[in-house]
Amino acid sequence: MKILLVILLILVILAAVVLLRAAMLKPTPALTAKVELDETPRAEKYGKRLAQMIQKETVSSRFDPDRSKFLDFHKTLEELFPNIHRTCEKHVFNGSLLFKWSGRGNHEPILLMSHHDVVEANGDWEHEPFSGDIDEQGKVWGRGTVDTKASLFCLLTAAEELIAEGFEPECDVYLASSCTEEWSGEGAPLTVQYLKEQGVKLALLIDEGGMIIEEPIAGVKGTYGMVGVLEKGYGDLRFTAKGKGGHASAPGKNTPLVRLGKFMAEAEKHSPFQNKFNPTVKEMFRRTAPNMNFGMKVIFANMWLFEPLLTRLLPAISPAAGAMLHTTLAFTMAKGADGLNVLPQEAYVTGNMRFIPHEPNEESIALISALAKKFDIETEVIYQDHPCPVVDYQGAAFHKVEEAMAEIYPGVGVCPYVMTGGTDAKYYKEVSDNCLRFAPLYINEQQYASIHGLNENIFQGTLPKGVDFYKKMIRMG
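Note that the structure is a prediction, hence the values are computed from the model and not measured. (Residues numbered from 1 in each chain as written. Predicted model: local features only at pLDDT ≥ 70, side-chain atom pairs only at ≥ 80, totals over all residues. Heavy atoms only, no water.)

It is not clear to me how the packing of aromatic side chains should be interpreted in this structure. Could you clarify?
Geometrically, a pair of aromatic rings is defined through the distance of the ring centres and the angle of the planes. Within this structure, the stated rule accounts for 14 aromatic pairs. A network of ring pairs unites the aromatic residues Phe239, Phe263, Phe331 and Phe375 as a single cluster. The positively charged end of Lys465 is found above the aromatic ring belonging to Tyr409, 5.7 Å away from the centroid. In this structure, Arg475 is placed above the aromatic ring of Phe167, and the distance from its NZ or CZ to the ring centre is 5.0 Å. (Phe/Tyr/Trp six-rings, centres within 6.5 Å; stacked < 30°, edge-to-face > 60°. Lys NZ or Arg CZ within 6 Å of the ring centre and 35° of its normal.)

Structure below.
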């Protein structure tokens, strides 16, 4: 009886501690922060100028070596940003751009970048995808508005206007934009090669990445700027099963396609990859926990107790959040026989992998290869990039972003997070230890969903604050 009472007392104390820790989390200003859209002539002017960039179709493809459309887009940039073209050194790497704005001091240089190539725009759009239409709500429509001509417009406008004011930066400021980001092409690597040849070491780099959104995580209220500090590695693999082939009228057991199917089902049902809360994800939840509903506060205010449970459950509850905890594998392509009544002698599926740093390329590939081998399937690596170095969210570069956000977007929270997609920033790790992935523009849920999808658009009223953010970063050097 005494033992039961002691156990009960311990549970009561534990419950009290858990609830008290949750109750002590007071909401932060991000809970009530709202981004007010600019409705002044400045926003209208910016919207029209961005529309000119959208009207230039810059769809890129690894199968199309022609760069003429990008060179034509460059002419539009010359018209829109004459001060940059008069003041800065300009370099073109097979359609990708780099400008150098020389500074007056000896501080380490910075680089601001966003790509100008876009993905295809198929489907039935409300506004034609390369129209650059501006509707009565002040939305600029078209492929590339969010990904990523709007942020490119803002960083170039920031430099253009500062030059017009006679401002001289303390450090060299580089402005870059590749035309091959959407397929991990040569644009960014060629730019990095040039910077390395010049002996350039960047104090800070800001590329596309997270943006400013409301309720960034289900159950988290408020408005946050999500800054990518960790980018997962990338891999394309081919899994091949071989057999005797033959006529489909007399199939044997475990033919190549059947084995591939069993393998895919097993990989999906029992993933071989380890879930783990890395420091970036922990910090993200630490910063957002005060604005969670109380049930979530109880859990995330007590990670010391609930982390093992969350590690197992979070991927099932939210695939997006789960992808921040582990290597992912998505099966993307398949091929079997060429005839409808033929058993293939060889069949394959491809898998796209995103590698988490705690289980990097070699380890993750070994794990999935071991699983494939159980089904007599061979594994081949088609292409891979390794995870990028993690940027310190307590370091000077991240603090500068926080300082700029506090001035331009007062009250809006700033959170580090894991980039599950890929960016050109991954190529710059040899020339910078501080590659941040953040586009300082407010977007809503529909606009976020429109990236690589239908009806991509952005508010022209968000552009002025984006310009002011980049101006602040340039002034801070």
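Having seen it, we continue.
Can you help me understand the packing of helix H2 (residues 41-54) against helix H5 (residues 145-164) in this one?
When two helices pack together, their arrangement is given by the angle between the helix axes and the distance between those axes. Look at H2 against H5: their axes get within 10 Å of each other, and the N-to-C directions meet at 120 degrees. Judged by the angle between their axes, H2 and H5 are oblique. Here the hand of the crossing between H2 and H5 comes out right-handed. Facing H2, whose interface residues are Arg42, Tyr46, Arg49, Leu50, Met53 and Ile54, H5 presents Thr145, Lys149, Ala150, Leu152, Phe153, Thr157 and Glu161. Here the contact of H2 with H5 is built from residues that sort into 7 nonpolar, 2 polar and 4 charged. (Axes fitted to C-alpha atoms, helices over the stretch in contact; angles between N-to-C directions. Helix = DSSP H or I, 4+ residues; strand = E, 2+ residues; numbered from the N terminus. Parallel < 35°, antiparallel > 145°, perpendicular 65-115°, else oblique. Left-handed = near helix turned anticlockwise from the far one by under 90°. Contact = heavy atoms within 4.5 Å. Nonpolar A, V, L, I, M, F, W, Y, C, P; charged D, E, K, R; others polar.)

Whenever I open this one, a nonpolar patch on the surface confuses me. Can you help?
On the surface, Ile3, Leu4, Ile7, Leu9, Leu11, Ile13, Leu14, Val17, Trp304 and Leu305 cluster together to form a nonpolar patch covering roughly 940 Å² of accessible area. Broken down by secondary-structure element, the contributors of at least two residues to the nonpolar patch are helix H1 (2-23) and helix H10 (303-317). With 8 residues, H1 is the largest single contributor of residues to the nonpolar patch. Looking at where Ile13 falls in the secondary structure, it is placed in helix H1. (Patch = residues over 30% accessible without salt bridge, like charges linked within 9 Å, V, L, I, M, F, W, Y side chains within 5 Å. Areas by Shrake-Rupley, 256 points an atom, 1.4 Å probe, with all protein chains shown as cover. Salt bridge = Lys/Arg side-chain N within 4 Å of Asp/Glu carboxyl O.)

Please explain the side chain of Asp117 as it appears in this structure.
Looking at the secondary structure, you find Asp117 in the loop between strand S3 (107-113) and strand S4 (139-141). Polar side-chain contacts of Asp117 include one of 2.7 Å to the side chain of Ser60. Once residues lying within four places of it in the same chain are set aside, the contact partners of Asp117 are Thr58, Ser60, Phe70, Asp147, Ser178, Cys179, Thr180, Glu181 and Glu182. (Polar contact = N/O pair within 3.5 Å; in protein donor to acceptor, adjacent residues only side chain to side chain.)

Looking at this structure, how should I read the environment of Met296?
Tracing the chain through its elements places Met296 in helix H9 (residues 294-300). Assessed through its relative accessible area of 17%, Met296 is described here as buried. Remark: the alpha-carbon pair of Met296 and Ala158, spanning 138 residues in sequence, is separated by 40 Å. (Buried < 20%, exposed > 50% of the residue type's maximum accessible area, 1.4 Å probe, protein only.)

Would you take a moment to explain the environment of Phe277 for this structure?
Mapped onto the secondary structure, Phe277 falls in the loop between helix H7 (256-269) and helix H8 (279-288). For Phe277, a relative accessible area of 4% translates into the label buried. C-alpha separation for the pair Phe277 and Pro169, spaced 108 residues apart in sequence, amounts to 40 Å.

Looking at this structure, how should I read the state of the cysteines?
Think of a disulfide as a covalent bridge from one cysteine sulfur atom to another cysteine sulfur atom. Throughout the structure, instances matching the rule amount to 0 disulfides. With no disulfide partner, Cys154 has as its closest neighbouring cysteine sulfur the one in Cys88, 17 Å distant. For Cys154, a relative accessible area of 0% puts it in the buried group. (Disulfide = S-S within 2.5 Å.)

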